Amino acid sequence: MQIITDYQNTQRDVGVLQDFPDGELYKHHPLFSKELSIPLLLYNDDCETVNPLGSKTVVHKLGLIYFQIKCLPPVLLSSLSSCFLLAVYKSDDAKTYGIDSVLQRIIDDISDLEVSGLLIDTPEFCGTVKVSVAQVCGDNLALNSLLGYSEGFNANHCCRWCKVHKEDMWTQTMEDPEMLRNSQNYEEDLSLNNHSETGLKRKCVLNELKYFSVVDNVAPDIMHDILEGIGPFEVKLVMTSLLAEGFFSLETLNYRLTSFDYGFPDSSNKPTVLAQHELKNPNGAMKQTAAQMWCLLRFLPIIIGDKIPEGNKHWELLLLLLSCMEFIFSPSITPEATMYLKHLIEEHHTVFLELYPHLHLKPKQHFLLHYPRAIRRIGPLKQFWTMRFEARHNFFKQLSHIVCNFKNICKTMAFRNQMMLCYHLLTGSVFSKNTEFGPGHGSFLAAIQGEFVKGLEGLPPFTEVSVPDWVVVNGTEYRPGMTVSLGCTEDETPQFGLIKAIVAIGVDVKLVVNKWHTVGFDRHYFSYAVSPTEALEAVPVKGLHDFQPLHAVKSYNAEDDLYYIPLRYRRF
């Protein structure tokens, strides 16, 4: 089965060495040469460096352009140290002189790297490294502005992927291949010079790059589209409808939101209570961060699901959204799954229009139609979301409050950032992930019943081991009480384990888990129902089926003895 994974580095041989037997290439031989291509991911966004409620807002607002080396392993790309600053500029300057004036210097440098590249001569590699832009990501406003499309999302043609009119967009439930933008109609739209009819305001300077085209930039922003767009919008609509039908009260909902056991993995992402005025205005902002919204969406079926009768149409809309999110947030996915996702999105939009005929589909809901095609072209969409880039802004926000000098804030930010990068490079912390251990105690293997634990058999019972309270591996924390994914059975049933203890034997870290018995998938709670067992097993952290820890929790139904585990995404 073909599985689409992360964006991979490409390389090709330059010439064929005939002097060695069987065509073997000796990399340390002076004749050995290879040419590597390094894909870059660019990100552009504005950042407010002062108090957003103060009198100096907008005056000191900065535009920041970052880049990532997309051929690095995902475990490194998740670190903020691998998000490099490319340019910093005043947002007012970009409005006055145009964003292309900012990008031109960047384009000149990347164009030289595309053609000439960098000659690298090391014991491990000798050859030319060429660099080009693979995709540009950002929120919808930033991308439309950067790529030259209409910046207003009430415009006749506001979609970057297709040329559908806004009135057709309101009821469209399937992608129309005939309306997709391509190189030919892109040039035709430029020649018309009428953005109200084409949605295209200007030609983007990024088209000057040899291997980049605006129409091939299909990376969406799933964080803003779903977690800060569709998710809050539909949660408010569904909760308002369920409250009107009398299944529960707002006080009951908020009590459960505040008293629910979210577990260690989401202890810092607990959602806040829902106010009455928020529910009355579905188009307004919801006082939840993107991480809080993701937590709320995953746990909401367990929090309030026992109050909702099965088959409720409004509840079905929320479950369809969660079904779509399972595929959209997945770090790996098959081409067949993208076709299934296409039909899930169609069904979701159809149910939405049936339930709320007085409303129409929003632009972010329309963008969802292009996700399956985007996945097949560039891979899983989570590797292009802006969550980590948004977190990178915190360095500059904190720095501005520390420095308190805005005379040349761009220079200050760039200089301090380069000093921090120099520190990370000298300490080797940019491309490294060390294992961190919390406080704990030493013990013998026999004290944790090592002879009865699968995975620890064969070791002497008096082997000295360390039992830390917690451990951080590749940036992810594990501690007793968390649930981890152990893999799947032959019939594709997921298997889970509850961490009972952490054992460090030398440099090896193993989790001693109580295996859960998987009863099945409960769609009404949109979680896997599990029951505890007595089976113990020691699994290495690096051998887990998925590195993200989960949480098993009971529902509010007093007669239900099962535990429920909501997944962050589906693994393939």
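Below is a short write-up of the structure. Computed from a prediction, not measured in an experiment: that's the story for all the values here. The written sequence of each chain sets the order in which its residues are numbered from 1. Given that this is a predicted model, residues contribute local features only at a pLDDT of at least 70 and side-chain atom pairs are listed and counted only at 80 or more, while totals for whole chains, interfaces and linings are drawn from all residues. In computing side-chain values, all of the structure's heavy atoms are included and hydrogens and water are not.

When helices and strands are tallied, the chain shows 17 helices and 18 strands. In terms of overall size, the chain behaves like a compact globule, its C-alpha atoms giving a radius of gyration of 26 Å where 572 residues would be expected to give roughly 25 Å. The dimensions of the chain, computed from C-alpha atoms along their principal axes, are 70 × 70 × 55 Å. In the chain, which comprises 572 residues, the proportion classed as buried is 50%. Residues are treated as being in contact if the distance between any of their heavy atoms lies within 4.5 Å. Relative to all contacts within the chain whose residues are 6 or more apart in sequence, the contacts with residues 24 or more apart total 66%. When the accessible surface of the chain is summed, it comes to about 27,200 Å², and 53% of that surface belongs to carbon and sulfur atoms. The centroid of the 51 positive side-chain charges in the chain is displaced by 6 Å from the centroid of its 66 negative side-chain charges. Think of it this way: any DSSP run of H or I at least four residues long counts as a helix, any run of E at least two long counts as a strand, and we number them from the N terminus. Based on C-alpha atoms, the radius of gyration is set beside the globule rule, defined as 2.2 Å times the residue count to the power 0.38. Each residue's exposure class comes from its accessible area (1.4 Å probe, protein chains only) as a fraction of the maximum for that residue type: buried when under 20%, exposed when over 50%, partly exposed otherwise. To measure how exposed things are, a 1.4 Å probe is used in the Shrake-Rupley method; for residues, cover is taken only from the protein chains shown. Charge assignment: positive for Lys and Arg, negative for Asp and Glu; neither His nor the chain ends contribute. Where a charge lies is defined by one atom per residue type: Lys uses NZ, Arg uses CZ, Asp uses CG and Glu uses CD.

Burial of nonpolar side chains together is a common tendency in soluble globular proteins. The biggest cluster of nonpolar side chains holds 96 residues, and the ones touching the most others in it are Leu227, Met239, Leu253, Leu297, Met325, Ile328 and Phe329. Among all residues touching Phe329, those that are not within four sequence positions of it are Ile222, Ile226, Leu227, Trp294, Lys382, Trp385, Arg568 and Tyr569. Residues enter a nonpolar core if they are buried and are Ala, Val, Leu, Ile, Met, Phe, Trp, Tyr or Cys, with the set joined through side-chain atoms within 4.5 Å.

It is worth spelling out helix α4 (residues 140–147) at this point. The buried fraction of α4 is high, at six of eight residues. Immediately beyond the C-terminal end of α4, within one or two residues, lies Gly148, with a positive phi of roughly 95°.

The angle between two axes is taken between their N-to-C directions and runs from 0 to 180 degrees, where each axis is a line fitted to C-alpha atoms and a helix contributes only its stretch in contact. Direction vectors running N to C along helix α12 (residues 313–328) and helix α13 (residues 335–355) enclose 155°, while the axes themselves pass 9 Å from each other. Regarding the angle of α12 to α13, the classification is roughly antiparallel. In this structure, α12 crosses over α13, and the sense of that crossing is left-handed. On α13, the residues touching Lys313, His314, Leu317, Leu320, Leu321, Ser323, Cys324, Phe327 and Ile328 of α12 are Ala337, Tyr340, Leu341, Leu344, Ile345, Glu347, His348, Val351, Phe352, Glu354 and Leu355. The nonpolar class holds Ala, Val, Leu, Ile, Met, Phe, Trp, Tyr, Cys and Pro. Asp, Glu, Lys and Arg form the charged class, and all remaining residues, Gly among them, are polar. Grouping the amino acids of the contact of α12 with α13 by side-chain chemistry returns 14 nonpolar, three polar and three charged. Roughly parallel covers angles under 35 degrees, roughly antiparallel covers those over 145, roughly perpendicular covers 65 to 115, and oblique covers all other angles. Each crossing gets its handedness from the near helix: less than a right angle anticlockwise from the far helix is left-handed, clockwise is right-handed.

As for its placement among the helices and strands, Ile303 is situated in helix α11 (residues 290–304). In sequence terms Ile303 and Asp261 are 42 residues apart; their C-alpha atoms lie 9.5 Å from each other. Setting aside chain neighbours within four positions, we find Ile303 in contact with Arg256, Leu257, Phe260, Tyr262 and Tyr556.

The subject of this paragraph is empty space enclosed by the protein. Buriedness for pockets is judged along seven lines, at least five of which must meet protein on both sides within 12 Å for an open set on the 1 Å grid over protein atoms alone, while cavities are sets there where a 1.4 Å probe fits but cannot get out, and lining residues have an atom within 4 Å of a point. Grid points are joined across faces, edges and corners, and a volume is the space filled by probe spheres set on the points. Per the counting criterion, the structure on display carries six cavities of 30 Å³ or more. If you add up the space inside the largest cavity, you get close to 130 Å³. Of all the secondary structure elements, the ones that give two or more residues to the lining of the largest cavity are α11, α12 and β15 (527–540). Considered class by class, the residues forming the lining of the largest cavity number 12 nonpolar, one polar and three charged.

Quick look at helix α17 (residues 409–427) now. Between its first and last C-alpha, α17 extends 27 Å over 19 residues, near the 27 Å set by a 1.5 Å rise per residue. Restricting attention to buried positions, one finds in α17 the residues Ile409, Cys410, Met413, Asn417, Leu421 and His424. The arc enclosing the buried residues of α17, seen along the axis, measures out at 100°, which places them on a common side. Across from the buried face of α17, at angles greater than 90 degrees, the exposed residues are Lys411, Phe415, Tyr423 and Leu426. Tucked into the core, α17 has its buried residues touching β3 (62–69), β4 (84–90) and α16 (387–403). Just beyond α17, the residue with positive phi is Gly428, at close to 75°. Multiplying 1.5 Å by the helix residue count minus one yields the expected span of that helix. This arc describes the spread of directions from the helix axis toward the C-beta atoms.

A large share of β4 lies buried, amounting to five of its seven residues. The pairing of β3 with β4 spans six bridges and is antiparallel. Bridged to Leu62 within β4 is Lys90. Between any two strands, pairing holds if DSSP finds at least two bridges.

A word on the packing of aromatic side chains. Pairing of aromatic rings covers Phe, Tyr and Trp, the last counted by its six-membered ring, and requires centre-to-centre distances within 6.5 Å; plane angles under 30 degrees mean stacked, over 60 mean edge-to-face, and any other angle means tilted. Overall, the coordinates contain 24 aromatic pairs when judged by the stated rule. Relative to Trp385, the ring of Trp294 lies with its centre 5.8 Å away and its plane at 85°, an arrangement referred to as edge-to-face. Of this pair, Trp294 sits in helix α11 while Trp385 sits in the loop between α15 (371–378) and α16, placing them 91 residues apart in sequence. One exposure class covers both Trp294 and Trp385, and it is buried. Considering the side-chain rings of Phe327 and Tyr340, the 5.6 Å spacing of their centres and the 70° angle between planes classify their relative orientation as edge-to-face. One end of the pair, Phe327, is in helix α12; the other, Tyr340, is in helix α13, with 13 residues separating them in the sequence. On the basis of relative accessible area, Phe327 is assigned to the buried category, the value being 3%.

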